[in-house]
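Each chain, written out:
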Amino acid sequence: MSRPCDACHAPCAVVCAPALAVGVDAVSPGTLVRLAEAGPHPLTRHCTACGACEVVCPHQVAIRERLLPQADPTMVPGPWAGLEPLVAETVVLSGCTTHHDAWPPALLRAALAEVAPEARVLPALPCGGPVASPAMPAARAMAIATAGCQTLVVPTGACRDAIGAHLEAAGRRGAQVAVFDQWLARFGVALPRGAQRFACCRLRRVTDTDDDGAARACCGAGEPLRSAYPASARATAAALLAQWREAGWTDVVVEDASCHAHLAQVAREVGAPLRLFSRASAFLSQGERR
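Nothing here was measured: the structure is a model prediction, and the numbers come from that model. (Residues numbered from 1 in each chain as written. Predicted model: local features only at pLDDT ≥ 70, side-chain atom pairs only at ≥ 80, totals over all residues. Heavy atoms only, no water.)

### Some details on the nonpolar core
And then number 1: Of all hydrophobic cores here, the largest spans 21 residues; its most connected members are W80, V91, L93, L152, V154 and I163.
And then number 2: Not counting residues within four places of it along the chain, the set of residues in contact with V154 comprises L93, C159, R160, I163, V177, A178, V179 and F180. (Core = buried A, V, L, I, M, F, W, Y, C linked by side-chain atoms within 4.5 Å. Buried < 20%, exposed > 50% of the residue type's maximum accessible area, 1.4 Å probe, protein only. Contact = heavy atoms within 4.5 Å.)

### So, the sheet that holds strand β6 (residues 176–179)
And then number 1: If you walk across this open sheet you meet the four strands as β4-β1-β5-β6, and the pairing is parallel. At either end of the open sheet lies a strand with only one pairing partner, and these are β4 (120–122) and β6. The mean angle between the axes of side-by-side strands here comes to 25°, regardless of whether they run parallel or antiparallel.
And then number 2: Bridge count for strand β5 (residues 148–154) against β6 is four bridges, and the pairing is parallel. Note that in β6 the partner of V154 across the bridge is V179.
And then number 3: Across the face of the sheet, helix α6 (residues 105–112) comes into contact with β1 (87–93) and β4 while running at roughly 165° to β4.
And then number 4: Contacts from helix α8 (residues 157–169) reach β1, β5 and β6 within the one sheet, and its direction differs from that of β6 by about 170°. (Pairing = 2+ DSSP bridges. Helix = DSSP H or I, 4+ residues; strand = E, 2+ residues; numbered from the N terminus. Axes fitted to C-alpha atoms, helices over the stretch in contact; angles between N-to-C directions.)

### Some remarks on the sheet that holds strand β7 (residues 196–198)
And then number 1: Taken in spatial order, the three strands of this open sheet run β7-β8-β9, and their pairing is parallel. Strand pairing shows two members of the sheet lacking a second neighbour, β7 and β9 (275–277), which therefore form its edges. When strand polarity is set aside, the average angle formed by the axes of neighbouring strands in this sheet is 30°.
And then number 2: When strand β8 (residues 251–254) meets β9, the two strands line up parallel, connected through three bridges. What sits directly across from D251, in β9, is R275.
And then number 3: Strand contacts of helix α12 (residues 257–270): β7, β8 and β9, with the helix running at about 165° to β9, the strand carrying the most contacts.

### A closer look at the pairing of β5
And then number 1: Here β5 lies mainly inside the structure; five of its seven residues are buried.
And then number 2: Handedness of the crossover is the feature at issue here: the chain leaves β5, passes through α8, returns alongside β6, and the resulting connection is right-handed. (Right-handed = clockwise from strand over helix to strand, strands pointing away.)

### Regarding the packing of aromatic side chains
Between two aromatic rings, the relevant description is the distance of the centres plus the angle of the planes.
And then number 1: Taken as a whole and judged by the stated rule, the model has seven aromatic pairs.
And then number 2: Their ring planes at 40° and their centres at 4.8 Å tell us that W103 and F180 sit as a pair that is tilted. Of this pair, W103 sits in the loop between β3 (101–102) and α6 while F180 sits in helix α9 (residues 180–184), and the two are 77 residues apart along the sequence.
And then number 3: With a centroid separation of 6.2 Å and 25° between ring planes, the pair formed by F180 and W183 is classed as stacked. One end of the pair is F180 and the other is W183, both in helix α9 and three residues apart, which spans about a single turn.
And then number 4: Overall, F180 belongs to the buried group, its relative accessible area being 1%.
And then number 5: Counting every residue linked through ring pairs, the aromatic cluster contains W103, F180, W183, F187 and F283. (Phe/Tyr/Trp six-rings, centres within 6.5 Å; stacked < 30°, edge-to-face > 60°.)

The structure is reproduced here in structure tokens:
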């Protein structure tokens, strides 16, 4: 049986940051898709679900759908089911337990008190993570909990994708899911002048190169790669940091909470002479000073 990947010139391999960083053909997207056809395989978790491969795929293969795990249809809705239906124009999640990113809720409330006192701050909740299809019990619990909410603010681009998919699957319409950094831009949070800006690969579908020549837009922080193959995730971040250094970057603003934490950790480990900033950190430090 002929398959699209068999006779393809594999542009996906050129834009897959983890595969480039590791330098092993066995973890390129086309190879992983072929592995997945035979059933679950450990290597298919060598993916950050960034979607760069799908942007360049000439055959329009739904690569992430084939690689990401199917959600358990009986999955317990968990903490979302315990929430009273929210009635607030804006609800801010103080963290995501799926991606292990969180800010102290009290600090977040203090920082928002002057600029968005109407915003409702919630504790860290699971976004559901990268799955090929949402788990309906969890999706319904999210939809019910946010029924009275117009804007749901989350820490990462991956959270935005996951929660947006769950709400859509449950028939929830009209709610905006926004990433915290981008939502904060309206409040004029000061950032270093002249700093380069790095957006989560979920927030911009960069393929091989940015306008300024910086490639490998994925930093390796995405799941399932970060949990399944931490060494590959680290290598992906190190390759990106090295590329920034070669481009002469010194100060970089990182939008996504997971990306910022991951890149900052790897930068410390490899001794990269870069200063990494986030709008969220700058905003929360204002709350600490109040």
